[in-house]
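Okay, here's what each chain looks like letter by letter:
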Amino acid sequence: MGLALAVVAGFAGLLMPALSYPQVIRGEEHCVVNVRTDDVLNVRRAAASSAPIVNRLRHDECGVMVIGECQGNWCPVEARHDAGWLHKRYISMVSPSLYCVTGVAPGDRLNLRAWSSPQSKVLARLPPNQCDISFLPYARNGWQKIRVAGWEGWVNRRYLSGQ
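Treat the numbers as computed from the prediction; the structure is a model and nothing was measured.

### What to know about the overall build of the chain
Stage number 1. Counting its regular elements, the chain contains one helix and 14 strands.
Stage number 2. Each of the 163 residues in the chain was classed as buried or not, and the buried ones make up 36%.
Stage number 3. Excluding contacts between residues fewer than 6 apart, the proportion of contacts in the chain whose partners are at least 24 apart in sequence is 56%.
Stage number 4. When the accessible surface of the chain is summed, it comes to about 9,700 Å², and 53% of that surface belongs to carbon and sulfur atoms.

This is the structure:
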């Protein structure tokens, strides 16, 4: 890191609150978080940012399994059948499948959309009694990204409740 960038990063650290890490649990599935949409997360061979890269994950990719105890801020993971290490700031656990569709009229369906917008393409229509919904660690302006019945997409959060 150049000196100017280091100074700016240090100053930004004074202005921003202390980071709280997303939930990381051994043996559970996680998704990539806190990575810009135009960037990737490097999976490292060892628990260090200088270690060789063994894989690169998209900003919203899921399927990352934490396979052991974290050591400091680094966690051993398996992602796309490669083992490596990730900084825990960049992963967050997928919720258990404990959520259900609620508040949808009996003859209506909840639209599962490709993006967090009412104008986005409808991927599936969930019935009023649909359960076994997992929350992915992404929420935006009242929208929640979920996984259900093999689908991943966005729904209006007000139509979901825990079991």
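Anyway, onward from the coordinates.
### Structural notes on the packing of aromatic side chains
Stage number 1. As enumerated under the stated definition, the model contains one aromatic pair in all.
Stage number 2. Here Tyr99 and Phe135 contribute two aromatic rings whose centre-to-centre distance is 3.8 Å and whose plane-to-plane angle is 15 degrees, an arrangement assigned as stacked. Taken together, the positions of Tyr99 in strand β8 (residues 99-101) and Phe135 in strand β11 (residues 134-140) put the pair 36 residues apart, joining distant regions of the chain.

### Observations concerning the state of the cysteines
As used here, a disulfide is simply a covalent bond connecting the sulfur atoms of two cysteines.
Stage number 1. Overall, the coordinates contain three disulfides when judged by the stated rule.
Stage number 2. Covalent S-S linkage joins Cys31 and Cys62, the inter-sulfur distance amounting to 2.0 Å. The S-S bond linking Cys31 to Cys62 shows a torsion near 100 degrees; that makes this disulfide right-handed. Residue Cys31 is found in strand β1 (residues 29-32), and its partner Cys62 is found in strand β4 (residues 62-66); the two are separated by 31 residues along the sequence.

### With respect to the side chain of Ser95
Stage number 1. Relative to the helices and strands, Ser95 is located in the loop between β7 (91-93) and β8.
Stage number 2. Residue classification places Ser95 among the buried positions, given a relative accessible area of 15%.
Stage number 3. Here Phe135 takes part through its backbone nitrogen, which lies 2.6 Å from a polar atom of the side chain of Ser95.
Stage number 4. Once residues within four sequence positions are removed from consideration, Ser95 is found in contact with Ser134 and Phe135.

### So, the pattern of salt bridges
Stage number 1. Counted under the stated rule, the structure contains nine salt bridges.
Stage number 2. Where Arg58 meets Glu61, a salt bridge forms, and the shortest distance between an N and an O atom there is 3.5 Å.
Stage number 3. Overall, the relative accessible area of 47% leaves Arg58 in the partly exposed class.
Stage number 4. Put simply, Arg58, Asp60, Glu61, Arg80 and Lys145 are held in one network by salt bridges that share partners.

### Let's talk about the environment of Asn141
Stage number 1. Residue placement: Asn141 occurs in the loop between β11 and β12 (143-148).
Stage number 2. The exposure class assigned to Asn141 is exposed, which follows from its relative accessible area of 76%.
Stage number 3. Distance from Asn141 to Ser117, taken between C-alpha atoms, is 9.3 Å for residues 24 residues apart in sequence.

### What to know about unusual backbone geometry
Stage number 1. The phi dihedral of Asp132 is positive, around 60 degrees, even though this residue is not glycine.
Stage number 2. In this structure, Asp132 sits in the loop between β10 (122-126) and β11.

### Regarding the environment of Gln144
Stage number 1. Within the secondary structure layout, Gln144 lies in strand β12.
Stage number 2. Of the residues examined, Gln144 reaches a relative accessible area of 8% and is grouped as buried.
Stage number 3. Each C-alpha atom, one on Gln144 and one on Trp154, is 5.5 Å from the other, the two residues being ten residues apart in sequence.
Stage number 4. Those residues in contact with Gln144 that sit more than four places away from it in its chain are Phe135, Leu136, Tyr138, Ala139, Gly153, Trp154, Val155, Arg157 and Leu160.
Stage number 5. A distance of 2.8 Å separates the side chain of Gln144 from the backbone oxygen of Leu136, its partner in a polar contact.
Stage number 6. Engagement of the side chain of Gln144 in a polar contact is seen with the backbone oxygen of Tyr138, the distance being 3.1 Å.

Criteria and cut-off values
- Within each chain, residue numbers correspond to sequence positions counted from 1 in written order.
- Where totals are concerned, whole chains, interfaces and linings use all residues; where local detail is concerned, this predicted model gives features only for residues with pLDDT of at least 70, and gives and counts side-chain atom pairs only at 80 or more.
- Note that water and hydrogens are dropped before the side-chain values are worked out from all heavy atoms of the structure.
- Strands are runs of DSSP state E lasting at least 2 residues, helices are runs of H or I lasting at least 4, and numbering of each runs from the N terminus.
- Three exposure classes are used, based on accessible area relative to the maximum for each residue type with a 1.4 Å probe and protein chains only: buried under 20%, partly exposed in between, and exposed over 50%.
- Two residues form a contact once any of their heavy atoms are found within 4.5 Å.
- All accessible-area figures derive from a Shrake-Rupley calculation using a 1.4 Å probe, and residue coverage is judged against the displayed protein chains alone.
- Stacked, edge-to-face and tilted labels apply to pairs of Phe, Tyr and Trp rings (six-membered ring for Trp) whose centres lie within 6.5 Å, assigned for plane angles under 30 degrees, over 60, and everything in between, in that order.
- Our working definition of a disulfide is a cysteine sulfur pair at a distance within 2.5 Å.
- Any N or O atom pair separated by 3.5 Å or less is treated as a polar contact, with the protein-specific requirement of one donor-capable and one acceptor-capable atom, and with residues adjacent in sequence counted only for side-chain atom pairs.
- A carboxyl oxygen of Asp or Glu within 4 Å of a side-chain nitrogen of Lys or Arg is what we treat as a salt bridge.

Everything listed is a geometric property; what it means functionally is a separate question.
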